Amino acid sequence: MITPLDRRRMLKATGLTLVGASLGGCLAGGQGGSSSDDSPADVTVAVGTGGGLKFDPENVEVTAGTTVAWEWKGNNHNIVVENQPTDADWNGTPGPATEIYNQGYRYTYTFDVPGTYDYYCNPHRAAGMVGCVTVTKGTEGKGGSETTQKGTEK
């Protein structure tokens, strides 16, 4: 039989575990950033605005050939591609899904293949930090191109 004291201990331990797991990405060290990436972009998405755990805007609709820039306004975020059209080759931010970047980092990608591209921030996916780029027909091509500015490590 579980006593009320045991129940409180279990809830406290479970709560701390959940909080620890949620903050794990926030406490990990990331790449420092620089705002010196001057690659032109047609659309800009803010990453971690106001210390928040979101992409702003979360959903973007563009025509093929459009360059989207993600600009880090907060720390410890990345972009991991979850879903994309069959012919597309978007990889999200460089490195493995565990590599994160900090305020000032800027990443751009030109979307050439029409379709839906779903992505998320790996450390904050459970908190709902997800985004989507919908690409409609325009200047068609295959693949895409990207420009990244890492800055200096912290």
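Sequence order as written defines the numbering, with residues in each chain counted from 1. Reporting of local features is limited, given that this is a predicted model, to residues whose pLDDT is at least 70; pairs of side-chain atoms are given and counted only at 80 or more, and all residues count toward the totals for whole chains, interfaces and linings. Each side-chain value is derived from all of the structure's non-hydrogen atoms; neither hydrogens nor water enter the calculation.

Draft legend 1. Here's a closer look at the overall build of the protein. What counts as a helix is a DSSP run of H or I of at least four residues, what counts as a strand is a run of E of at least two, and both are numbered from the N terminus. Counting its regular elements, the protein contains 1 helix and 9 strands. Along the chain direction, N to C, the helices and strands of the protein fall in the order α-β-β-β-β-β-β-β-β-β. The buried share among the 154 residues of the protein stands at 38%. Looking at the protein alone, contacts between residues at least 24 apart form 75% of all its contacts between residues at least 6 apart. Working definition: with a 1.4 Å probe on protein chains only, accessible area under 20% of the residue-type maximum means buried, over 50% means exposed, and in between means partly exposed. The contact definition used throughout considers only heavy atoms, calling two residues in contact when any of these lie within 4.5 Å.

Draft legend 2. Representation of the pattern of salt bridges. When a carboxyl oxygen of Asp or Glu is within 4 Å of a side-chain nitrogen of Lys or Arg, the pair counts as a salt bridge. All told, the structure shown has 3 salt bridges when counted by the stated rule. Residue Lys73 is joined to Glu71 by a salt bridge in which the shortest nitrogen-to-oxygen separation is 3.6 Å. Taking the relative accessible area as the measure of exposure, Lys73 reaches 40% and is therefore partly exposed. One salt bridge in this structure joins Arg106 and Glu71, with 2.9 Å as the shortest N-O distance. On the criterion of sequence distance, the pair formed by Arg106 in strand E6 (residues 106–111) and Glu71 in strand E4 (residues 66–72) is long-range, its members being 35 residues apart. Take Arg106: its relative accessible area is 10%, and that puts it in the buried class. It is possible to trace a salt-bridge network through shared partners that takes in Glu71, Lys73 and Arg106.

Draft legend 3. Here's a closer look at the environment of Pro114. Considering the arrangement of structural elements, one finds Pro114 in the loop between E6 and strand E7 (115–120). Linking Pro114 and Val135, residues 21 residues apart in sequence, is a C-alpha distance of 4.6 Å.

Draft legend 4. How the structure looks around the confidence of the model for the protein. Looking at any residue, its pLDDT shows the predictor's confidence there, from 0 to 100. Model confidence for the protein is summarised by a mean pLDDT of 78, while 65% of its residues fall at 70 or above. Across residues 10–36 the pLDDT falls below 50, and counting only partners more than four positions away or on other chains, this stretch makes 42 contacts in the model. Low pLDDT, under 50, characterises residues 150–154; the stretch is placed with 17 contacts to residues that sit more than four places away or in other chains.

Draft legend 5. Representation of the sheet that holds strand E5 (residues 80–83). Here a strand pair is declared whenever DSSP counts at least two bridges between the two strands. Strand order in the open sheet made by the 4 strands is E3-E8-E7-E5, with mixed pairing throughout. Each of the sheet's edge strands pairs with one partner strand only, and the pair in question is strand E3 (59–63) and E5. Between one strand and the next, the sheet's axes are offset by a mean angle of 30 degrees, whatever the strand orientation. The pairing of E5 with E7 spans 3 bridges and is antiparallel. Bridged to Asn83 within E7 is Asp118. For helices, the fitted line uses only the C-alpha atoms of the stretch in contact; every axis is such a line through C-alpha atoms, and the angle between N-to-C directions lies from 0 to 180 degrees.

Draft legend 6. Broad picture of the side chain of Asn78. As for its placement among the helices and strands, Asn78 is situated in the loop between E4 and E5. The exposure class of Asn78 is buried, given its relative accessible area of 0%. Within polar-contact distance, the side chain of Asn78 engages the backbone oxygen of Ala97 at 2.7 Å. In this structure the side chain of Asn78 is engaged in a polar contact, spanning 3.0 Å, whose partner is the backbone oxygen of Glu99. Think of a polar contact as two N or O atoms within 3.5 Å of one another; within protein, one of them needs to be a possible hydrogen donor and the other a possible acceptor, and neighboring residues in sequence only count if both atoms come from side chains.

Draft legend 7. Here's a closer look at the packing of aromatic side chains. Side-chain rings of Phe, Tyr and Trp, where Trp is taken by its six-membered ring, are said to pair if the distance between their centres is within 6.5 Å; with planes under 30 degrees apart they count as stacked, over 60 as edge-to-face, and otherwise as tilted. Counted by the stated rule, this structure contains 14 aromatic pairs. Consider the rings of Trp72 and Tyr105, whose centres lie 4.7 Å apart with planes at 90 degrees: the pair is edge-to-face. Placement of the pair is Trp72 in strand E4 and Tyr105 in the loop between E5 and E6, with a sequence separation of 33 residues. Judged by relative accessible area, Trp72 falls into the buried class, the value being 2%. Of the residues examined, Tyr105 reaches a relative accessible area of 0% and is grouped as buried. Look at Trp90 and Tyr119: their rings are 5.6 Å apart centre to centre, the planes differ by 75 degrees, and that puts the pair in the edge-to-face class. Of the two residues, Trp90 sits in the loop between E5 and E6 while Tyr119 sits in strand E7, which places them 29 residues apart along the sequence. Tyr119 matches Trp90 in its accessibility class, with the two residues each being buried.

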